[in-house]
Each structure stands twice: as C-alpha cells, then as structure tokens.
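Structural description and commentary
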Amino acid sequence: MPPDKSTTKVMVTGSKGQLGTDLLLRLESLKNIETIGIDIHNADITNRTVVLELFDQVLPDIVIHGAAYTAVDKAESEPELAYKINAIGTRNIVEGCSRYNSHLVYVSTDYVFDGTSHVPYLEWDRPNPLSVYGKSKLAGELELRPGDTIARTSWVCGQFGSNMVKTVLGLKDGTNELKFVDDQHGCPTFTSDLAIKLIELGLNKVPGRFHVTNQNPTTWYDFVKEIMKVAGADESRVVPIKTVDLNPPRPAPRPMNSVLKNSALKMMGIELLPDWHDTLVEVIKKLS
Ligand SMILES: NC(=O)c1ccc[n+]([C@@H]2O[C@H](COP(=O)([O-])OP(=O)(O)OC[C@H]3O[C@@H](n4cnc5c(N)ncnc54)[C@H](OP(=O)(O)O)[C@@H]3O)[C@@H](O)[C@H]2O)c1
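Below, the structure is looked at part by part. (Residues numbered from 1 in each chain as written. Predicted model: local features only at pLDDT ≥ 70, side-chain atom pairs only at ≥ 80, totals over all residues. Heavy atoms only, no water.)

Per the secondary structure count, the protein chain includes nine helices and 12 strands. Computed over its C-alpha atoms, the radius of gyration of the protein chain comes to 19 Å, within 12% of the 19 Å expected for a compact globule of 288 residues. Each of the three principal axes of the protein chain carries a C-alpha extent, and together these read 65 × 40 × 35 Å. Out of the 288 residues in the protein chain, the part that is buried amounts to 50%. Of note, the protein chain has its 31 positive side-chain charges centred 2 Å away from the centre of its 36 negative side-chain charges. (Helix = DSSP H or I, 4+ residues; strand = E, 2+ residues; numbered from the N terminus. Rg over C-alpha atoms; globule rule 2.2 N^0.38 Å. Buried < 20%, exposed > 50% of the residue type's maximum accessible area, 1.4 Å probe, protein only. Lys, Arg positive; Asp, Glu negative; His and termini not counted. Charge placed at Lys NZ, Arg CZ, Asp CG, Glu CD.)

In structure tokens:
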C-alpha cells in the first residue's frame, strides 16, 4: 500500500524517559500523527548501524531527540560514555535525519552555560559548560545541521520519571529538616508544557536555537517550599543552605545562574510556556 501522505511520522528518542513519556502521550492524542517511540531497549543510539536501519524502516518526517545520558554527577567519572551517548548518539541521529530529510528537534540544557552571568542567558550567549554532562550536551548541539531545532531547557520535572517534585513528595510526611540551596537560580520546566512546545516547533519545522522553559525564575529552596505548600505539607521544614555547604559536595559543578531567557520564542511571536506555579498545582494533583 502507498504511504498515507496525510500522516506525519514523528519519531521520539528517549521515549521511556520523563520527557519522552509526556511527548508520546501528547503526540498520540493528535490527529494525523503516527508516533514511533525509541528507547535504549529497542535501539541504542550509539550504534550507527542500528540507528540507520531504524531510519530505513521508519522513514520519519520529524525526530524529537530526547534520548541522552542524563546522570549529571556520574558523568564526571564516565565522560567517555556521556560523550558517546550525547555526542556520537546525536551524530548518528543527525545522519539518519539527513538520509531521509527528517526535521530534527534536539533537546539541550541550561548546563551549557557556566552560570556566572548576573542576567538571564540569551540563545546567542556564549556557552561555557562546567560539567562533563554540560560539555557532552553542547557537543551534541555541535553535531546539528543549520535547519534543525535546538531547544534548551532547565530543571525538568513532571509526572513521570524521577525529578525534584517527586523527590519532595516522597519526603513531605517526615519531620526532619529539608536542606536546599538558595543560591542556584533557574526555571523549573514541566514536561507536559515542554512537550507541547517541542511538538509545535517540530511540526512547524522551525529552525534555530530556542530557550524553552516555564516562566518565573526561582531557587531550589523556594521551589521546594512551594512544592511543600501546594502538597499541604509543612514548608517550615525547608531550610536554605549555600552550595558550598552541601555535604557531601556534588561531583559535578552546577551553574549558579541558569535562567534561560526565552528571547527567540518571544521575538518570533511564539507563545511562551506558562508560569511553573500553575503547572505545579496540576502535576501535584495528578501525583496525589
Ligand atoms: N532532567 C533535566 O533536568 C534536564 C534539564 C535540561 C535538559 N534535559 C534534557 O532533556 C532531555 C530529556 O531528559 P529527561 O529528564 O527526560 O531524561 P531521562 O528521563 O533520563 O530520559 C532519557 C532517556 O534516554 C534513554 N537513553 C539513554 N541512553 C540511550 C541510548 N544509548 N540509546 C537510546 N536511548 C538512550 C534513557 O534510557 P535509560 O533510562 O534506560 O538509560 C532514558 O529513557 C535530555 O536530552 C536531557 O539532556 C534534561
């Protein structure tokens, strides 16, 4: 049978991850979209032959590439694996996309910046990653073609996978102090909002580099307090500390300021993601 031209084939890598799960849910609710979820269990993106065979079979119109090595601290002790997945894996996906003229949306990170800026980062600011994870994700960005989409996001949370909201909900009924840093600044971003924007950018094949986060910068301390408050828990248990006082210190350095200004979306007249407070309420309702 000839292929149905009215159907757009969207391949999602990292489909079992926290973002990938929400991407699949959103895509499957859309009409005229065929969704193909790929994760390490059905295709290891570091294997070029496997990736190219996959593209030969699927012939995707659009690829949303969320698969990544995301263990930020562990990456410091296994840099080769982080680069293999985030840079070579992305190179293989780009090669597949080039063969079949597929549009690629690459999900990148605030960790490409060193965090020394006193103002939010623009899409055109010079990256200077501090950690192996940040360097390997930037290496992935460098594999892309001019027409692809780069969507940098930050502090990703959601209903699926492990993330700060789920960690705090797991701790909310105790009595001990919960110590969180109040000197790292960023924007929590919910996978349900992010997925919608990535799909929009992908389906419209919008090229270029975008910062895509929920609105309203905060600190981890304030974010955790808000999670406790929305969950009806005792927010006075949350105590501010400084990054230098973390015991033990984290192996990977974090950018102190990783607020991403969503300038390119705004300048192109593309609607921004909502304030994270609004989505936090919805996500906590779903998780409770
Ligand atoms: N989490 C954050 O705070 C954050 C912030 C900024 C940007 N991002 C970016 O957002 C994207 C999605 O993040 P996430 O939090 O949803 O990550 P995640 O939950 O760790 O999902 C990543 C997925 O990629 C899969 N994967 C790993 N290695 C692979 C390989 N060699 N071949 C195929 N699949 C592989 C993982 O499988 P396994 O679990 O089996 O390894 C996992 O299902 C990533 O590109 C990440 O860099 C995340």
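Right, picking up where we left off after that structure.
Among the 24 residues in the neighbourhood of the ligand, the closest are listed as D39, D44, T70, Y133 and K137. A68 has a polar backbone atom sitting 3.4 Å from an oxygen atom of the ligand. Separating an oxygen atom of the ligand from a side-chain N or O atom of T70 is a distance of 2.7 Å. Bound to the protein, the ligand loses 79% of the 890 Å² it would expose on its own. At the level of secondary structure, the elements contributing two or more residues to the shell around the ligand comprise α1 (18-28), β4 (103-109) and α4 (132-142). When residues in the shell around the ligand are grouped by element, the largest group, three residues, is from β4. Classifying every residue of the shell around the ligand by side-chain character gives 11 nonpolar, nine polar and four charged. (Near = heavy atom within 4 Å. Polar contact = N/O pair within 3.5 Å; in protein donor to acceptor, adjacent residues only side chain to side chain. Areas by Shrake-Rupley, 256 points an atom, 1.4 Å probe, with all protein chains shown as cover. Nonpolar A, V, L, I, M, F, W, Y, C, P; charged D, E, K, R; others polar.)

Turning next to the packing of aromatic side chains. Scanning the entire structure with this criterion turns up five aromatic pairs. A centroid spacing of 5.8 Å and a plane angle of 80° characterise the contact between Y111 and Y133, whose relative ring orientation is edge-to-face. Taken together, the residues span a long stretch of sequence, with Y111 in the loop between β4 and α4 and Y133 in helix α4 at a distance of 22 residues. A residue is classified by how much of its surface remains accessible, and Y111, at 13% relative accessible area, is buried. For Y133, a relative accessible area of 10% translates into the label buried. (Phe/Tyr/Trp six-rings, centres within 6.5 Å; stacked < 30°, edge-to-face > 60°.)

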